[in-house]
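Remarks on the overall topology
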Amino acid sequence: MLGWFVMLFLQEQKQLKQLMYALSAHTDSLGGQGNGSMTAATRAVDIHAKELAFVFTDIENSTEISNQDPASFKQIQEAHDQIMREGIAKHRGYEIITEGDSFQVAFATCQAAIQFCLDVQYRLLEQSWSKEILKLNACRVVRVTGDYNQVVFAGPRVRMGVHYAHPGTVAMRTHNITRQNVYGGPAIKIGSEVSDIAAGGQILLTEEAVMKLAENMSQAGFPVIKLCGQYKLESTSNPVFLYSCNEQVGKPLKRTFGDLRKVKKVWPNADSPVPAVLEYNIHPPPVPEGKGNALTFVSLRLATYPSSGCSIPEHLQRRFLEVFAVQVQQFKGYMFQTCSDSLREVRPDCAWQQV
């Protein structure tokens, strides 16, 4: 009975996302923030703006692929470049520079930047790659089993870094020879390094990017954000929190990655994962403020019925907690506690700044 309920729940992802858009539109209209549409996310980028979202990308192991099969690499690069440029046009970005298989792109908003990144990742996965390409070591098909049983990698893996540049952290000039607009400054160094330490197929975001993205998740198509940990980058003086985005609500893509490469991890220790209760928290803990000092708390309870006999398998407990945490994340909530009194009951607790 429980297995049937889980299957039914997973099949309702499309309806769930439609409901989320409706709820977001209603919430935004109450708060005077528009109608929940994606218009703001897709507005054209102003290359002279003092605040921009930057995306840095490149193909993992491109040199290895090129050496292994030059003809296949040419096909990969042509398809990759077309997908990238179609995505840039769709989300109204600005292609700053392309060097080999790497791209630097600017967007007006973090919502547009993350939509672009996810679109590219899904399209690369869905592309019809030749048998010769899929035989290459760095392009082989990878499938996960379990609840989803899906192909998570097929073809080239593109690593992506997303950073939001606040005023004073980026400067634009016109190149003397190409007459193209080029950018420099601390924000460019951070974005480039974040892309470089990501794994192929991974979208890595800085805390600045996540904070801007969290202002309106619906405009980005409800991306699912997970905390990787705190790291010491060469381009910053203080440790920074980094986050990963692998999928959108309603479009599961259960890719898993090891720890970030070429960077020192500060928290948690190398052998410890991020605590499950914090993994999906991208909003700060709400604090009482304003009239009445009110907060809203929601306590969820997952239990089997009847209360005796049937237990909830551990992997299903984790799956339900993940579903709850993702919904809390999309609507600016904060999960602060999870309790499991027995194998028959799981209770996560969440808080919001407003009703």
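Located above this text is the structure these notes cover.
None of the values given here were measured: they were computed from a predicted structure.

**Remarks on the overall build of the chain**
Helix and strand content of the chain: 9 helices and 16 strands. By residue count, 46% of the 355 residues in the chain fall in the buried class. In the structure as shown, the chain presents an accessible area of about 17,800 Å², 53% of it carried by carbon and sulfur atoms.

**Comments concerning the pairing of strand 7 (residues 171–174)**
Direction of pairing for strand 7 relative to strand 8 (residues 181–184): antiparallel, over a ladder of 4 bridges. Looking across to strand 8, one finds that Thr174 is bridged to Asn181. Counted along the chain from strand 7 to the antiparallel partner strand 8, the turn is 6 residues long, and its residue Arg179 has a positive phi close to 65°.

**Considerations on the pairing of strand 16 (residues 345–352)**
Most of strand 16 is tucked away, with 7 of its 8 residues classed as buried. Two strands pair when backbone bridges link them, and strand 13 (residues 296–299) and strand 16 are joined in this way by 4 bridges, in the antiparallel orientation. Looking at the pairing, Thr296 lines up with Trp352 of strand 16. In this structure, strand 14 (residues 302–303) lies alongside strand 16, joined through 2 bridges in antiparallel fashion. In the strand pairing of strand 16, Leu302 is matched with Val346.

**A closer look at the environment of Phe54**
Secondary-structure assignment places Phe54 in strand 1 (residues 52–59). Taking the C-alpha atoms as reference, Phe54 lies 9.6 Å from Ile96; in sequence the two are 42 residues apart. When near neighbours in sequence (up to four residues on either side) are disregarded, Phe54 contacts Ile96, Val105, Ala106, Gly161, Val162, His163, Ala165, Val170, Tyr183 and Ile188.

**Re the sheet that holds strand 10 (residues 223–232)**
The 8 strands are arranged 2-3-1-6-9-11-10-12 in an open sheet whose pairing can be described as mixed. At either end of the open sheet lies a strand with only one pairing partner, and these are strand 2 (94–99) and strand 12 (264–267). On average, adjacent strands in this sheet sit at an angle of 30° to one another, irrespective of strand direction. In this sheet, strand 3 (residues 102–107) lies alongside strand 1 in antiparallel orientation, the contact comprising 5 bridges. Within strand 3, the residue paired with Phe54 across the bridge is Ala106.

What counts, and where the lines are drawn
- Residues numbered from 1 in each chain as written.
- Predicted model: local features only at pLDDT ≥ 70, side-chain atom pairs only at ≥ 80, totals over all residues.
- Heavy atoms only, no water.
- Helix = DSSP H or I, 4+ residues; strand = E, 2+ residues; numbered from the N terminus.
- Buried < 20%, exposed > 50% of the residue type's maximum accessible area, 1.4 Å probe, protein only.
- Areas by Shrake-Rupley, 256 points an atom, 1.4 Å probe, with all protein chains shown as cover.
- Pairing = 2+ DSSP bridges.
- Contact = heavy atoms within 4.5 Å.
- Axes fitted to C-alpha atoms, helices over the stretch in contact; angles between N-to-C directions.

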